[in-house]
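# Survey of secondary and tertiary structure
Okay, here's what each chain looks like letter by letter:
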Amino acid sequence: MSFLARHTTRAAIPRTLSRRTAAAVRAASTPFLLRNQLNPVLKTRQFSAVSSSMMSAPASIVKQNVRPEPDQVLQDIADYVHNYEITSPLAWETARLCLIDTLGCGLEALNFEQCTNLLGPVVEGTTVPNGTRVPGTPYQLDPIRGAFNIGTAIRWLDYNDCWLAAEWGHPSDNLGGILAVADWLARTNKAKGLPAPKVKDVLEAMIKAHEIQGCLALENSFNRVGLDHVVLVKVATTAVVSKMLGLNREQTIDAVSQAWVDGQSLRTYRHVPNTMSRKSWAAGDACSRAVNLALLVKNGVGGIPSVLTAKTWGFYDVLFKTEGFKFQRPYGSYVMENVLFKISYPAEFHSQTACEAAMTLHHELKKIGKTTDDIASIRIRTQEAAIRIIDKKGPLNNYADRDHCIQYMVAVPLIYGRLTTQDYSDEVASDPRIDALREKMECVEDKTYSVEYHAPDKRSIGNAIQITLKDGTIMDEVAVEYPVGHKFRRDEGIPLLLQKFERHVTKRLGKEKFDAIINASKELDGISKKDVDEYVDLYVTKE
């Protein structure tokens, strides 16, 4: 007898038990599989019994396998994508600004080798006939890989638009999938003698993707359960490109269900101690997966109707730990109308007003003949979200670490009077004054800022900075409630946004290209009528 058999069949049995009772106790203490191995007859009988019980299962159990109606969330998204007409002039005009700003951010990212190393085809030298062109590059790719390339470049520098609510995110990330599909369709259709999608179709898809992502984010915090916000990019992009690809309402429901069931990204790459560059290409990955899922459904893949609500196996039970999503408002054009632009600073959005306050204080220090060497302490009043995301102590290991640290993003403008994409480089970060100043900072939550951050009529992102000098002087606190990219400061922000776009395009493509692009982009009516491929060609390079 084996060691396992000896030690599982010889249980400690009181001598007072009858032989029959002792045998029963011994059998009960023997593992089921081992008993079967030791007694082939028992194994056969038990298998037959199990088989019989399965075959004679009550009919009610079988009847439970009735395919349910699609979850209402899926139906609402599909109905919005296919049936809602965008009539808001503000939404259309904001979408135009969002389009050029987002493409400009992608061009600026191409100046960073860590970004460009991830771009291009999977197999070097591959060119796809009538494929997606990647702005700022010579690449022509399939729409799935094109979505990754465009989405990654757009997001790399954390400089495109932003939406802050229960969940945070960057709705213009969706342009990676939208533009890749639209450009591919335009080139493919023209090769077949068919009409090409217009830029207006891209703008409509942007408005609707913004709305889907933004409305889901208003009341539902994915970060609270450890999920990254790019799940919403995947869902929104899947929905709008489904329509662009010619899928009907039911197919769009199927595609969106596939986006929800698809493995979701953990948020750990955005937080201490794991902050790293995946946060810069996660949206590109979400866009590419969205396009792939929509194409799979176009080719016959079905959906999962109760993907959210299924007991035990659905999204709510497995990942969200709630009874379901909450919605503050129906889908319309609210999010695009109220989206936040990053204009002055390439910084995580919760720090935008802190950066502005720091710039003001830099000049105030100069006025009184002081520098950051004269600072004893700095207090930053901020929102709860900022403390959770970007309040960071200790060493900063890379670009991604630095642009998600409010202390770093305040220290640089206090010292230099600027904050640019290059200021997150190792070279700038090696200045010992930065870490010395970071150590003097304390972040405290301002409850009013936290409340007004979520208020639908405000959506503020307030920060206030107060400096105490070594000689005991307490400088006047500088508070900024709304960043220049906020809707409330739109008139002030638009000229600065256009300057930002000019810098990004000219730096990458030159003045002549910029003039051609801005002439094609400066009016909503003109840009809306352009074929997508012709507009994208303005941004591409030969090498």
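Residues numbered from 1 in each chain as written. Predicted model: local features only at pLDDT ≥ 70, side-chain atom pairs only at ≥ 80, totals over all residues. Heavy atoms only, no water.

## Description of the overall build of the protein
The secondary structure content of the protein amounts to 27 helices and eight strands. The buried share of the protein, taken over its 543 residues, is 55%. Considering only contacts in the protein between residues 6 or more positions apart, those separated by 24 or more positions represent 75%. Here the protein displays about 24,000 Å² of accessible surface, and carbon together with sulfur accounts for 54% of that area. (Helix = DSSP H or I, 4+ residues; strand = E, 2+ residues; numbered from the N terminus. Buried < 20%, exposed > 50% of the residue type's maximum accessible area, 1.4 Å probe, protein only. Contact = heavy atoms within 4.5 Å. Areas by Shrake-Rupley, 256 points an atom, 1.4 Å probe, with all protein chains shown as cover.)

## Details of helix α20 (residues 406-416)
The element α20 is largely enclosed, with a buried count of 10 among its 11 residues. For α20, every residue scored as buried is listed here: Ile 406, Gln 407, Tyr 408, Met 409, Val 410, Ala 411, Val 412, Pro 413, Leu 414 and Ile 415. Where α20 terminates, the next one or two residues include Gly 417, which has phi positive at roughly 75°.

## Here's the deal with the side chain of Arg 145
Residue position: Arg 145 is located in helix α9 (residues 143-155). For the buried residue Arg 145, which engages in no salt bridge, the nearest side chain bearing the opposite charge is Asp 142, 6.7 Å off. Ignoring anything within four residues of it in the chain, the contact list for Arg 145 reads Leu 118, Leu 119, Gly 120, Pro 121 and Val 122. (Lys, Arg positive; Asp, Glu negative; His and termini not counted. Salt bridge = Lys/Arg side-chain N within 4 Å of Asp/Glu carboxyl O.)

## Focus on the pairing of strand β7 (residues 463-469)
Of all seven residues in β7, five are buried; the element is thus mostly enclosed. Inspection of the sheet shows strand β5 (residues 375-382) paired to β7 by six bridges, in the antiparallel sense. Within β7, the position partnered with Ile 380 by the bridge is Ile 465. Bridge count between β7 and strand β8 (residues 478-480): three bridges; the pairing is antiparallel. Considered in β8, the bridge of Ile 465 is made with Val 478. (Pairing = 2+ DSSP bridges.)

## Focus: helix α14 (residues 278-298)
An ideal rise of 1.5 Å per residue puts 30 Å on 21 residues; α14 measures up with 29 Å between its terminal C-alpha atoms. Judged by how many residues are buried, α14 sits mostly within the fold: 15 of 21 residues are covered. Phi turns positive one or two residues past the end of α14, at Gly 300, with a value near 115°. (Expected span 1.5 Å × (residues − 1).)

## Re the state of the cysteines
Counted according to the given criterion, the structure contains zero disulfides. Left without a disulfide partner, Cys 405 is nearest to the cysteine sulfur of Cys 443, which lies 8.4 Å away. (Disulfide = S-S within 2.5 Å.)

## Thoughts on the pattern of salt bridges
Any two side chains of opposite charge can pair if their charged atoms end up close together. Under the definition given, this model contains 38 salt bridges. Between Asp 531 and Lys 190 there is a salt bridge, and its shortest N-O distance comes to 2.9 Å. Remark: Lys 190 occurs in helix α10 (residues 175-191) and Asp 531 occurs in the loop between α26 (524-528) and α27 (532-537); sequence separation between them is 341 residues. For Asp 262, the salt bridge identified is with Arg 289, shortest N-O distance 2.7 Å. Here Asp 262 is found in the loop between α13 (249-261) and α14, whereas its partner Arg 289 is found in helix α14, with 27 residues between them in sequence. Overall, Asp 262 belongs to the buried group, its relative accessible area being 16%. Classification of Arg 289 as partly exposed rests on a relative accessible area of 32%. Among the charged side chains, a network of salt bridges with common partners joins Lys 190, Lys 198, Asp 531, Asp 533 and Glu 534.

## A look at the environment of Val 339
Its place among the elements puts Val 339 in the loop between α16 (334-338) and α17 (352-367). Owing to a relative accessible area of 0%, Val 339 belongs among the buried residues under this scheme. Between the C-alpha atom of Val 339 and that of Glu 211, which follows or precedes it by 128 residues, the distance is 10.0 Å. If sequence neighbours within four positions are ignored, Val 339 has contacts with Thr 94, Asp 161, Cys 162, Trp 163, His 210, Gly 485 and Arg 490.

## A closer look at the side chain of Arg 459
Along the chain, the position of Arg 459 falls in the loop between α23 (447-454) and β7. The charged side chain of Arg 459 is buried without a salt bridge, its nearest counter-charge being Glu 219 at 6.3 Å.

## Regarding the packing of helix α11 (residues 199-219) against helix α12 (residues 230-244)
Packing of α11 against α12 leaves a shortest axis separation of 9 Å and a crossing angle of 145°. Crossing handedness for the pair α11 and α12: right-handed. Counted together, Glu 204, Ala 205, Lys 208, Ala 209, Ile 212, Gln 213, Leu 216 and Ala 217 of α11 and Leu 232, Val 233, Val 235, Ala 236, Ala 239, Val 240, Lys 243 and Met 244 of α12 form the full contact between these two elements. For the contact of α11 with α12, the residue count by class is 12 nonpolar, one polar and three charged. (Axes fitted to C-alpha atoms, helices over the stretch in contact; angles between N-to-C directions. Left-handed = near helix turned anticlockwise from the far one by under 90°. Nonpolar A, V, L, I, M, F, W, Y, C, P; charged D, E, K, R; others polar.)

## A short note on the packing of aromatic side chains
Under the criterion given, the structure shown has 21 aromatic pairs. An angle of 40° between the planes, with centres 5.3 Å apart, marks the rings of Tyr 80 and Tyr 84 as tilted. On the basis of relative accessible area, Tyr 84 is assigned to the partly exposed category, the value being 32%. Plain terms: the ring middles of Phe 501 and Phe 514 are 6.1 Å apart, the flat faces sit at 55° to each other, and that makes the pair tilted. Taken together, the positions of Phe 501 in helix α24 (residues 490-509) and Phe 514 in helix α25 (residues 511-521) put the pair 13 residues apart, joining distant regions of the chain. Its relative accessible area of 1% is what places Phe 501 among the buried residues. Of the residues examined, Phe 514 reaches a relative accessible area of 7% and is grouped as buried. An aromatic cluster is built from Phe 222, Trp 260, Phe 315, Tyr 316, Phe 320 and Phe 325, whose rings are joined through pairwise contacts. (Phe/Tyr/Trp six-rings, centres within 6.5 Å; stacked < 30°, edge-to-face > 60°.)

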